[in-house]
Amino acid sequence: MVTLKSAREIDAMRRSGKITSHVLTELMKVARAGMTTAELDTLAERGIRERGGIPTFKGYNGFPGSICASVNEEVVHGIPGSRVLHEGDLLSIDIGTTLDGYVSDSAVTIPIGNVTQHARRLLEVTQECLTVGIAQMKRGNHVGDIGAAVQAHAEQHGYGVVRELVGHGVGRAMHEEPQVPNYGEPGTGMELRPGLVLALEPMITQAGPKIRILSDGWTVVTADGKLAAHFEHTIALTEDGPKILTLRDFAEDPALERYRPTREAIA
Ligand code: MG
Ligand code: MG
């Protein structure tokens, strides 16, 4: 069942989203070669709790971390731990906050130091995939319009779109209806209406779209061992169009500006 949110609920989700985006920005700034993903996880949990939130991921189906930290060929759901980040790695950080019973969910993939031109391009295109998906979040459009736009943008650059994992509705629970695939046909699926809040999260691979799950039961990796990237925002469709509830404010750090969606995408 799809639950539409009231303006008051969307305000509550925005407050949750502000914690998520603030803590994620902090992690983006501090992540560097030599750190372990467990150190980032500790900072994330502290940052969320200091602001009155609860780390949504911690204990979710038994997940041990407050973030998912997925490196290089890891697509999503990497368990933070003793893995040390190295120059040239791609790191996906996925984070969720529950505040006053409302969940916000957001992810970025960032370069650790200098990365190859190919890796940088994958990051750019995956972030663009999220942006073109958000641009389809208009009243009267359908869920399939989002997936079709994401898929077209990724495949136009020769990249793969993961099929097994999808975006989702979000609200009192992290995963609500509807599912939002990153592929599809325009005009199909549920019609989008004001009050709908979605977590859009393209998972894009450098080559083939096939994935497998490691023996830890969580970590999703590309079957071919090539790189993957993942960006996610929690977005409310309002009477005034889509509003990103996990939008980050980078005014104080121009180096992070590239992670801000373009104005056109949120208009
Ligand atoms: Mg997420
Ligand atoms: Mg999500």
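Located above this text is the structure these notes cover.
Only a predicted model underlies this, so the values are computations on that prediction, with no experimental measurement involved. (Residues numbered from 1 in each chain as written. Chains lettered and ligands numbered in written order. Predicted model: local features only at pLDDT ≥ 70, side-chain atom pairs only at ≥ 80, totals over all residues. Heavy atoms only, no water.)

### Looking at the coordination of the magnesium ion (ligand 1)
Between any two of four tetrahedral donors, the ideal angle at the metal is 109.5 degrees; between two of six octahedral donors, it is 90 or 180 degrees. Summarising the metal site, the magnesium ion (ligand 1) is bound by the protein donors Asp-94 (OD), Asp-94 (OD), Asp-105 (OD) and Glu-232 (OE), whose distances to it range over 2.0 to 2.6 Å. In terms of primary sequence, the donors binding the magnesium ion (ligand 1) are separated according to D-x10-D-x126-E. In this structure, the magnesium ion (ligand 1) lies 3.2 Å away from the magnesium ion (ligand 2), the two metals sharing Asp-105 as a donor. Residue Asp-94 is found in strand E4 (residues 90-99), and its partner Glu-232 is found in the loop between strand E13 (228-230) and strand E14 (233-238); the two are separated by 138 residues along the sequence. Judged on exposure class, the residue Asp-94 and its partner Glu-232 are both buried. (Donors = N, O, S within 2.8 Å, 3.2 Å for Na, K, Ca; no water. Helix = DSSP H or I, 4+ residues; strand = E, 2+ residues; numbered from the N terminus. Buried < 20%, exposed > 50% of the residue type's maximum accessible area, 1.4 Å probe, protein only.)

### Concerning the pattern of salt bridges
What the rule picks out here adds up to eight salt bridges. In this structure, the salt-bridge partner of Lys-5 is Glu-176, at a minimum N-O distance of 2.6 Å. Of the two residues, Lys-5 is situated in the segment before helix H1 (7-30) and Glu-176 in strand E8 (residues 176-180); the sequence distance between them amounts to 171 residues. This pair shows no difference in class: Lys-5 is buried, exactly as Glu-176 is. Taken together, the shared-partner salt bridges connect Glu-45, Arg-49 and Lys-58 into one network. (Salt bridge = Lys/Arg side-chain N within 4 Å of Asp/Glu carboxyl O.)

### Regarding unusual backbone geometry
Glycine aside, a negative phi is what most residues show, and trans is what most peptide bonds show. Going from Glu-177 to Pro-178, the amide bond is cis rather than trans, its omega being -5°. The residue Pro-178 is located in strand E8 in this model. Phi is positive for Asn-61, close to 50°, though the residue is something other than glycine. Among the secondary structure elements, Asn-61 is positioned in the loop between strand E1 (54-55) and strand E2 (67-71). On the basis of relative accessibility, which here comes to 64%, the residue Asn-61 falls in the exposed class. Even without being glycine, Asn-72 reaches a positive phi, approximately 60°. Mapped onto the elements of the fold, Asn-72 is located in the loop between E2 and strand E3 (74-76).

### Some points on the environment of Glu-50
When you line up the elements, Glu-50 lands in helix H2 (residues 37-50). Distance in space between the C-alpha atoms of Glu-50 and Ile-19 is 9.6 Å, their sequence separation being 31 residues.

### Concerning the coordination of the magnesium ion (ligand 2)
The magnesium ion (ligand 2) binds to the protein through Asp-105 (OD), His-168 (NE2), Glu-201 (OE) and Glu-232 (OE); the donor distances cover 2.1 to 2.2 Å. Donor residues binding the magnesium ion (ligand 2) come from one chain and are separated in sequence as D-x62-H-x32-E-x30-E.

### Regarding the packing of helix H3 (residues 117-135) against helix H4 (residues 143-156)
Running from N to C, H3 and H4 cross one another at 155°; their axes reach a closest spacing of 8 Å. The orientation of H3 with respect to H4, classified from their angle, is roughly antiparallel. Judged by the twist between their axes, the crossing of H3 over H4 is right-handed. Contacts between H3 and H4 involve Val-125, Glu-128, Cys-129, Val-132 and Gly-133 on the former and, on the latter, Ile-146, Ala-149, Val-150, His-153 and Ala-154. Taken together, the residues that form the contact of H3 with H4 break down as seven nonpolar, two polar and one charged. (Axes fitted to C-alpha atoms, helices over the stretch in contact; angles between N-to-C directions. Parallel < 35°, antiparallel > 145°, perpendicular 65-115°, else oblique. Left-handed = near helix turned anticlockwise from the far one by under 90°. Contact = heavy atoms within 4.5 Å. Nonpolar A, V, L, I, M, F, W, Y, C, P; charged D, E, K, R; others polar.)

### Remarks on the sheet that holds strand E12 (residues 220-222)
Taking strand neighbours across the sheet as the criterion, the three strands line up as E3-E12-E11 in an open arrangement whose pairing is antiparallel. With partners counted over all chains shown, the strands left at the sheet margins are E3 and strand E11 (211-213), one partner each. Neighbour-to-neighbour, the strand axes of the sheet open up by a mean angle of 40°, direction not taken into account. Of the strand pairs in this sheet, E11 and E12 are connected by three bridges, and their pairing is antiparallel. Each residue of the ladder has a partner; that of Arg-212, found in E12, is Val-221. (Pairing = 2+ DSSP bridges.)

These values are about where atoms sit, not about what they do.
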